[in-house]
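Fold and geometry: a report
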Amino acid sequence: MKKARIVGFVLLLLLASAAVLYYYVNRPNVSSKIEISTNPWVGFTPFIYAQEKGWLEKTPFHFVWLVDLTDNARLYDRGFTQGFTATQYELLHFKNKNTIKPVFLIDRSYGADAIVSNRSLDELRSTKKSIKVYLERGSLNDDFFEAFVAENRVEKIPFHLIDASQKSIANLQQSDDPVVILSYQPYLSGLLKKGFQPLASTRTMERFFVIDALFADEAVFVGKEKEFIKLKELFTLSVSRLHDDPYEYYETIKGYLEGQSYEEFMATTTQIEWLHQKQPEKIIHYLEEQQVKTDRLLP
């Protein structure tokens, strides 16, 4: 009887040790989380959908939701995030861009980024006043405006660039003075409602391509390929839900859309070209010409 008790005690001890070992091996580890910053751009909403559906809970990914594009760099430079969703132009503005690579392409903007104004381009050309231009400095908006000026040959117009967040840009009202505004969806919808008219967009520009992607520090990606592949699968599943039941998709994510109606949101989905399942050689070549390293792109 005593021997049986000893054997039973040893078994219990072994089971307890195994349970403790299992806990420490499988316990949630905050440091293992991969923090990714993003914003409610239409092409990034599949991440919102996946998050709201609880699909990300068993992955290491945690998304930090921002408003301004330039906040990606601030958080990454301070070590708060290991990745971000953005355009290639945001990447080009990073100090240590050589260690950051696109993991998978998301979309090409095809009208969802625009330059709007309360004047026509001809009226702007004829004005003698200094024209205020509201945009997020240090982001693709710098490059967008520079390309717009060159393509339309309006270098002589007295533009005065004003750094502004998208929140403050979204609150701009019509005025008697001529203004130019650079914005993107979902914030762009509100400006169009107020009567601002498009001067140019990523649909009309001939030599300006805006590519959105998921970017990550290469040191984080190495060894986590399976996790990133899973994230891409969940992203793809979210996009398929958008196509299959757009209203359910909208209802799931609408809290992030800055007041966009269902109709407005669906209109923005026609202003991008999805790239997560296809990676056109033209796009890859364009990125490589801009010194964006593409060797870590998932198939």
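What you see is a predicted model, and the numbers here were worked out from it, not measured in a lab.

Focus on the overall build of the protein
The helix and strand inventory of the protein stands at 13 helices and 11 strands. Out of the 299 residues belonging to the protein, those deemed buried represent 48%. Residue pairs at least 24 apart in sequence account for 81% of intrachain contacts in the protein once pairs closer than 6 positions are excluded.

As for the sheet that holds strand β2 (residues 61-65)
Taken in spatial order, the 6 strands of this open sheet run β2-β1-β3-β10-β4-β11, and their pairing is mixed. The open sheet has two free edges, formed respectively by β2 and β11 (272-274), since each of these has just one partner strand. Along the sheet, successive strands turn relative to each other by an average axial angle of 30°, direction set aside. One ladder, built from 3 bridges, connects strand β4 (residues 100-109) with β11; its direction is antiparallel. Looking at β11, one finds that Ser109 is bridged to Ile272.

Overview of the packing of aromatic side chains
Under the criterion given, the structure shown has 25 aromatic pairs. A centroid spacing of 6.0 Å and a plane angle of 80° characterise the contact between Tyr76 and Phe84, whose relative ring orientation is edge-to-face. Comparing Tyr76 with Phe84, the two get one shared label, buried. Pairwise contacts between aromatic rings join Phe47, Phe63, Trp65, Phe104, Phe235, Tyr256 and Trp274 into one cluster.

Thoughts on the pairing of strand β3 (residues 83-87)
Side-chain positions along a regular strand alternate between the two faces of the sheet. Burial analysis of β3 places 5 of its 5 residues in the buried class, the great majority of the element. Bridging between strand β1 (residues 34-38) and β3 involves 2 bridges; their strand directions are parallel. By the bridge assignment, Ser37 is partnered in β3 with Phe84. In the sheet, β3 pairs with strand β10 (residues 211-217) via 5 bridges, with the strands oriented antiparallel. Opposite Ala86, over in β10, you have Ala213 as the bridge partner.

Comments concerning the side chain of Ser189
Note that Ser189 resides in helix α8 (residues 187-193). Relative accessible area serves as the criterion here: at 9%, Ser189 is assigned to the buried category. Separated by 2.8 Å, the side chains of Ser189 and Gln185 make a polar contact. Setting aside anything within four residues of it in sequence, one finds Ser189 in contact with Gln260, Glu264 and Thr268.

Observations concerning the side chain of Gln290
As for its position among the elements, Gln290 is in the segment after α13 (281-289). If near-sequence neighbours (up to four positions away) are discounted, Gln290 is found in contact with Gln88, Tyr89 and Leu92.

Looking at helix α11 (residues 246-253)
Taken together, the buried positions of α11 are occupied by Tyr249, Tyr250, Thr252 and Ile253. Angular distribution of buried residues about the axis of α11 spans 160°; they occupy a single face of the element. Check the buried side of α11 and you find it contacts α2 (45-52), α10 (225-244) and α12 (262-269).

Quick word on α2
Because each turn of an α-helix spans 3.6 residues, side chains separated by three or four positions end up pointing in the same direction. Counting buried positions over the 8 residues of α2 gives 6, a clear majority of the element. Residues of α2 that are buried include every one of Thr45, Pro46, Phe47, Ile48, Tyr49 and Ala50, and no others. Of the residues one or two after α2, Gly54 is the one with positive phi, at around 80°.

Here's the deal with the environment of Leu231
One can find Leu231 in helix α10. Taking relative accessible area as the criterion, Leu231 reaches 1% and is therefore assigned buried. Each C-alpha atom of the pair Leu231 and Pro60 lies 9.5 Å from the other, and the pair is 171 residues apart in sequence. If sequence neighbours within four positions are ignored, Leu231 has contacts with Ile36, Phe47, Leu56, Phe61, Phe63 and Leu214.

Cut-offs used in this document
- Per-chain numbering applies: the sequence of each chain, read as written, is numbered from 1 onward.
- Where local features are concerned, this predicted model is filtered to residues with pLDDT of at least 70; where side-chain atom pairs are given and counted, the filter is 80 or more; whole-chain, interface and lining totals use all residues.
- Values reported for side chains reflect all heavy atoms of the structure, with hydrogen atoms and water molecules removed beforehand.
- Secondary structure counts use DSSP, requiring at least four H or I residues in a row for a helix and at least two E residues in a row for a strand, with both numbered from the N terminus.
- To sort residues, take the accessible area from a 1.4 Å probe on protein chains only and compare it with the maximum for the residue type: under 20% means buried, over 50% means exposed, and anything in between is partly exposed.
- Throughout, a contact is declared for two residues whenever any of their heavy atoms are within 4.5 Å.
- Whether two strands pair depends on DSSP finding at least two bridges between them.
- Here an angle of 0 to 180 degrees is reported between the N-to-C directions of two axes, which are lines fitted to C-alpha atoms, with helices fitted over the stretch in contact.
- Centres within 6.5 Å make a pair out of two Phe, Tyr or Trp rings, where for Trp the six-membered ring is used; the pair is then stacked when the planes are under 30 degrees apart, edge-to-face when over 60, and tilted otherwise.
- Think of a polar contact as two N or O atoms within 3.5 Å of one another; within protein, one of them needs to be a possible hydrogen donor and the other a possible acceptor, and neighboring residues in sequence only count if both atoms come from side chains.
- Comment: arc refers to directions from the helix axis out to C-beta atoms.

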